[in-house]
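Chain and residue survey
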Amino acid sequence: EYKAEVFLAARDTTAPPQVFIGKWDSVRQDDGTYTVEMTRIDDTLTVEHGKGKFSVKTNRTGVHEWGGIIRLMGPEGNYIQKPFKREYEVSKPNLVISPTKMNVFYVGIPNPVDISVPSVPPNKIRATVQNGSIYKQGPGQYEVKPNTPGRECLISVRAEVEGKIRSYGTKRFRVKGLPTPVAQVASQSGGDIRKEILSAQSVVVAEMEDFLFDLEYTVTQYTITTTDRGGYIQSVTKNNNRIDQEARDFLNNVNRGGRVNFEDLRAVGPDGTVKKLNPITFTIQ
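Below or above, wherever it landed, is the structure these notes cover. Note that the structure is predicted; figures quoted are calculated from it, not measured.

1. Let's talk about the sheet that holds strand β14 (residues 164-176)
The strands making up a sheet associate through hydrogen bonds between their backbones, and the pairing can be parallel or antiparallel. The strand order β8-β14-β13-β10 describes an open sheet built from four strands, whose pairing is mixed. Each end of this open sheet is capped by a strand with a single partner; those strands are β8 (104-106) and β10 (125-130). Neighbour-to-neighbour, the strand axes of the sheet open up by a mean angle of 35°, direction not taken into account. As judged from the eight bridges shared by strand β13 (residues 153-161) and β14, these two strands associate in the antiparallel manner. Each bridged residue has a counterpart across the sheet, and for S156 the counterpart in β14 is T170.

2. A short note on the pairing of strand β18 (residues 218-227)
Note that β18 and strand β20 (residues 259-268) share seven bridges and pair antiparallel. For T225, the partnering residue across the bridge sits in β20 and is N261. Sheet topology places β18 next to strand β19 (residues 233-238); six bridges connect them, and they run antiparallel. For T227, the partnering residue across the bridge sits in β19 and is I233.

3. A few points about the nonpolar core
L198, V260 and F262 are the most contacted members of the largest nonpolar core, which has 31 residues in total. Looking at this core, the elements with two or more residues in it are β8, β18, α2 (245-252), β20 and β22 (280-284). Ranked by residues supplied to this core, first place goes to β20 with four residues. Not counting residues within four places of it along the chain, the set of residues in contact with L198 comprises V185, I193, L251, V260, F262, F282 and I284. One finds V113, V117, V120 and I134 within the second-largest nonpolar core, a separate group that totals 19 residues.

4. A closer look at the environment of Y79
Looking at the secondary structure, you find Y79 in strand β7 (residues 79-90). Relative accessible area serves as the criterion here: at 46%, Y79 is assigned to the partly exposed category. Separated by 127 residues in the primary sequence, Y79 and A206 have C-alpha atoms spaced 81 Å apart. What Y79 contacts, discounting residues up to four positions off in sequence, is Q18, R71, L72 and M73.

5. Considering the side chain of N111
Considering the arrangement of structural elements, one finds N111 in strand β9 (residues 111-114). At 3.0 Å, the side chain of N111 forms a polar contact with the backbone nitrogen of Y106. Within the structure, the side chain of N111 is placed 3.0 Å from the backbone oxygen of I109, a separation counted as a polar contact. Those residues in contact with N111, other than ones at most four positions away along the chain, are V104, F105, Y106, Y142, E143, V144, P146 and F213.

The rules behind the values
- Residues numbered from 1 in each chain as written.
- Predicted model: local features only at pLDDT ≥ 70, side-chain atom pairs only at ≥ 80, totals over all residues.
- Heavy atoms only, no water.
- Pairing = 2+ DSSP bridges.
- Helix = DSSP H or I, 4+ residues; strand = E, 2+ residues; numbered from the N terminus.
- Axes fitted to C-alpha atoms, helices over the stretch in contact; angles between N-to-C directions.
- Core = buried A, V, L, I, M, F, W, Y, C linked by side-chain atoms within 4.5 Å.
- Buried < 20%, exposed > 50% of the residue type's maximum accessible area, 1.4 Å probe, protein only.
- Contact = heavy atoms within 4.5 Å.
- Polar contact = N/O pair within 3.5 Å; in protein donor to acceptor, adjacent residues only side chain to side chain.

Below is the structure:
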């Protein structure tokens, strides 16, 4: 329910005003002057101590306008009419469910968060953060970039309500570094593989398994170690993620049942951090 009081700041206590709610418009008089008149009266308010009591049930979201005319008797015995217009905004009820053990931000990437305050428009909300930065992306939508893992990231929310800034509390988030991806070749991290499948591959990839963010790591180096047909151990190192012709020659010299190791793998993520990846060991079928 929306409630308001309609009154004049200066009034005659012996002559209570009348308050009409509805549509009004300017009406030209015969002498060329204009007055305001009600074109549709929806309600006449009860007046107590000079104040009209307005209330309405809210059943539709959005901004709603309302208004009317205050009419009171003037000192010369004629009515003085004062028009007014106001508006109010109806928002949907907000349900917030937070998993207290999973409030985590990751360093080096934008972490999306929704911030809302019940009955407060999104443009009246202000959010600040400790141990990080926060950027507004849209109505009620933000991105947080924390600074230091191991320290908490605190988001504080304030909002402008009735012309005053009010605090609505602080939420704590744990800050962690990005998890280490899994090195893969031919969508495998080891095990048995046919030689023709391995030889057909062109890149070594770093895969983020079971991670909700859409992140890409790029392998920056790796070493292939094999045992050739003469029983000699050979290796080749690459400073990128490509399996070029030189690397394929190493792979093609491995007999069935032999092993191929991808070792000393490194990958760089979106935060610029270089991570050491798991080795991959294949048995040629």
